[in-house]
Structures are given as structure tokens and as C-alpha cells.
Amino acid sequence: MTQERLERFEANRRRLFGVAYRLLGEASEAEDVVQDAYLRWERSDAVVSPEAWLTKVVTNLCLDRLTSARAQRERYVGPWLPEPVGTGGALDPLETVEQRESLSLGMLVLLERLTPPERAVFVLREAFGHSHREIAEILEANEPHVRQLYRRAQQHVAEARKRFTVPPAQARKLLEQFLAAALGGDVPALERMLAEDVVAWADGGGKAPAMRRPLAGRAEVLRYLLILGGYAQRIRMTPDVVNGEPALVLYLDGQLAGVTVPEFDGDRIVALRTITNPDKLAFFARQNI
């Protein structure tokens, strides 16, 4: 491969990873897809539009993996959550609200409800601004069918999505208040911050301590947080930005043990998503070396 072709691929690498991660919800798998695309690029002949060619290759590789991933996730131990990724250049683009929202753990979980083609159309349209015609070329489908897939995807997502408009600065402040209350066992403060119908998920994948079912309701979630607070001497939590959202990184006895991402509605927490599966923390750990 010539230096020029290598540089052309590297100029697209971050965007390709962003496509693959949004489609798969797994950073390690997204890395594999991008590497596979590189090998195909290395063997390819002259390409008129490298960006379009690479996007097509990555998208179709992801579609193949999504089909097998569904069967694997049905056998997954406990709730399945996406792999957390530190927000930065690896997740480009992040310029618009839609692009940032497409990265949130809540949205990635919602996208699991879509068929692989619906998910591909939704991501390419919402996060990357591709036209219906461009998406049709990527998927080798006709444009009316792509429009139908997009409408169907929008409907599925809209049925479950809640749009919360909490400014980043306010979310960071709320996160710090939540951290202080959780570690301090401040029951009144936690009760004020937790919505009555709050839900907490934890993904340990059978490889790390985690609840096997979602906890629903303020009382159950509060009980869980107070148990966590009992380990305050061994736990260190630091604020961070994960998947475009304010988050808490948990260290147990100095070792990375989990990532918790709260979802806010106003000044209340409506959802808590925690990933403790060490396999899913590996990419995040490498980002923070």
C-alpha cells in the first residue's frame, strides 16, 4: 500500500470507528471491524470515492455481526448494556445534539430494538447526515425502501425515547451532588435526586458482581445505593464524560471496577446504567492509560 493510500485510510479511521461503534454498541467489535476494513482497503484497486467505499464496507461488516450478536445477547447473563467509551476524537462526529445523542447509553440500548437494516439507516442518517440516496447505495437497496426503513426506525425509537434537555453544566453539577450523597449515605439527598420511577441496570456479564435484573422504583434503587455506600472506604469514584454524558468511574481497591452513567430529567435521576463486566471495560481502560 502506498503512503498516500495509508494516509487516506487513517484520515477516515475515527469516523469509521464512530460508525461501527454506533451500529454495534461494542468498542472492541468496532475496532475489529475497522481493522477488517483496512485489510480490504489494502487489497482493493483504485477507488473513486474512498470515504463512501470505506463507509459501505464498515456498514456491511457491522450488519453481518449484528445478525449473530442478537443470538449471543439472548444468552447473555443479566442485563446487556453497551461498552462504555470515553468521549473524544474516537467517537467523531459530535458537533450536533443528534450526533451526541446517538452515542448515549440510553440511545444505544433503544437501537437494540431495531432490525440491523433499520439501525444502519437510522445511524447513517441521524448521526452522519447521509442522504437517503447515499444510504441506498451503501446498503445496495432502493431509495423508497430506505425511506421506509428510516420511518420505521424513527417510530420504534420515538415510542420509547424520552428527550431530556439538561444542559451539560447542570448535569455535571447534579452528578457531583449525587456522588457526594451516594458515598456519604445521605438518604434525604438521594431521595430528592431519585425519580419515583427510577430504574437501575447493571451489566456484569456473569464475570463481575452485578444485579441480575433491573431495579425499579426509588426504594429499591436507594437500597442498592446504600449498600454501595457501605464500601466507601474501598471505593473511589471520579467524574468523567462517557458516551457524551457525565458519568462516574468506579475504582475498587485502586482497580477500575465499573462505569455508571445517570440519566437526568430536570434535577431528578430517571435511570442509572452501570457496566462492571471487565471485558466491556477493557477499551475504556486502554483509553485512560
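The structure presented is a predicted model; accordingly, all values stated were derived computationally and were not measured. (Residues numbered from 1 in each chain as written. Predicted model: local features only at pLDDT ≥ 70, side-chain atom pairs only at ≥ 80, totals over all residues. Heavy atoms only, no water.)

**With respect to the sheet that holds strand S6 (residues 268-275)**
Pairing is mixed in the open sheet, where six strands are placed in the order S2-S1-S6-S5-S4-S3. Each end of this open sheet is capped by a strand with a single partner; those strands are strand S2 (215-216) and strand S3 (235-242). As judged from the two bridges shared by strand S1 (residues 194-203) and S2, these two strands associate in the antiparallel manner. When the bridges of S2 are listed, Ala200 appears paired with Leu215. Running over the sheet, helix H9 (residues 168-184) touches S3, strand S4 (245-252), strand S5 (255-265) and S6 and is turned about 30 degrees from S4. The sheet strands contacting helix H12 (residues 278-287) are S1, S3, S4, S5 and S6, and the helix crosses S5 at an angle near 90 degrees. (Pairing = 2+ DSSP bridges. Helix = DSSP H or I, 4+ residues; strand = E, 2+ residues; numbered from the N terminus. Contact = heavy atoms within 4.5 Å. Axes fitted to C-alpha atoms, helices over the stretch in contact; angles between N-to-C directions.)

**Examining empty space enclosed by the protein**
A full pass over the atoms with the stated rule returns two cavities of 30 Å³ or more. In this structure, the largest cavity spans a volume of roughly 80 Å³. Together, Phe178, Ala182, Tyr224, Leu225, Leu228, Met237, Leu248, Leu250, Thr260, Leu272 and Thr274 line the largest cavity. Secondary-structure elements contributing two or more residues to the lining of the largest cavity are H9, helix H11 (218-229), S4 and S6. Ranked by residue count, the leading element in the lining of the largest cavity is H11, at three residues. Here the lining of the largest cavity is composed, by residue class, of nine nonpolar, two polar and no charged. (1 Å grid on protein atoms, 1.4 Å probe; cavity = no way out; pocket = protein on both sides within 12 Å on 5 of 7 lines; lining within 4 Å. Points joined across faces, edges and corners; volume = space filled by probe spheres on them. Nonpolar A, V, L, I, M, F, W, Y, C, P; charged D, E, K, R; others polar.)

**Here we look at the confidence of the model for the protein chain**
Confidence in the prediction of the protein chain, expressed as mean pLDDT, is 89, and 93% of residues score 70 or more. Highest mean pLDDT in the protein chain belongs to helix H7 (residues 132-139) (97); lowest belongs to helix H4 (residues 97-101) (72). (pLDDT = per-residue confidence, 0-100.)

**Describing the pattern of salt bridges**
Tallied over the full model, the rule gives 17 salt bridges. For the salt bridge of Glu112 with Arg73, the shortest nitrogen-to-oxygen distance reads 2.6 Å. Placement of Glu112 in the loop between helix H5 (105-111) and helix H6 (116-126) and of Arg73 in helix H3 (residues 50-74) is noted, with a sequence separation of 39 residues between them. Two residues, Arg234 and Asp253, come together in a salt bridge whose shortest N-O distance is 2.7 Å. With a gap of 19 residues between them, Arg234 in the loop between H11 and S3 and Asp253 in the loop between S4 and S5 connect regions that are remote in the sequence. Judged by relative accessible area, Arg234 falls into the partly exposed class, the value being 39%. The structure contains a network of salt bridges with shared partners spanning Glu26, Arg73, Glu112 and Arg119. (Salt bridge = Lys/Arg side-chain N within 4 Å of Asp/Glu carboxyl O. Buried < 20%, exposed > 50% of the residue type's maximum accessible area, 1.4 Å probe, protein only.)

**A look at the layout of surface pockets**
Roughly 530 Å³ of volume is contained in the second largest pocket. What lines the second largest pocket is a set of 22 residues, among which Pro209, Leu228, Leu252, Ala257 and Thr276 lie closest to the centre. Sorting the residues of the lining of the second largest pocket by element identifies H11, S4, S5 and H12 as the ones contributing at least two each. Counted by class, the lining of the second largest pocket contains 17 nonpolar, three polar and two charged residues.

**Observations concerning the pairing of S3**
As defined by bridge partners, S3 adjoins S4 across eight bridges and the pair is classed as antiparallel. If you follow Thr238 over to S4, its bridge partner there is Val249. The turn linking S3 back onto S4 is made up of two residues, and Asn243 within it adopts a positive phi angle of 55 degrees.

**Some remarks on the packing of aromatic side chains**
Across all of its chains, the model carries five aromatic pairs by this definition. Centre to centre, the rings of Phe9 and Tyr38 are 5.1 Å apart; their planes meet at 65 degrees, and the pair counts as edge-to-face. Of the two residues, Phe9 sits in helix H1 (residues 3-24) while Tyr38 sits in helix H2 (residues 27-43), which places them 29 residues apart along the sequence. Both residues of the pair, Phe9 and Tyr38, count as buried. (Phe/Tyr/Trp six-rings, centres within 6.5 Å; stacked < 30°, edge-to-face > 60°.)

**Remarks on the packing of H1 against H2**
Between H1 and H2, the shortest axis-to-axis distance is 8 Å and the interhelical angle comes to 145 degrees. The two elements H1 and H2 meet at a crossing, and its hand is right-handed. Seen from H1, the contacting residues are Arg5, Leu6, Arg8, Phe9, Arg13, Leu16, Phe17, Ala20, Tyr21 and Leu24; seen from H2, they are Ala27, Glu29, Ala30, Glu31, Val33, Val34, Ala37, Tyr38 and Trp41. Per-class residue counts for the contact of H1 with H2 are 14 nonpolar, no polar and five charged. (Left-handed = near helix turned anticlockwise from the far one by under 90°.)

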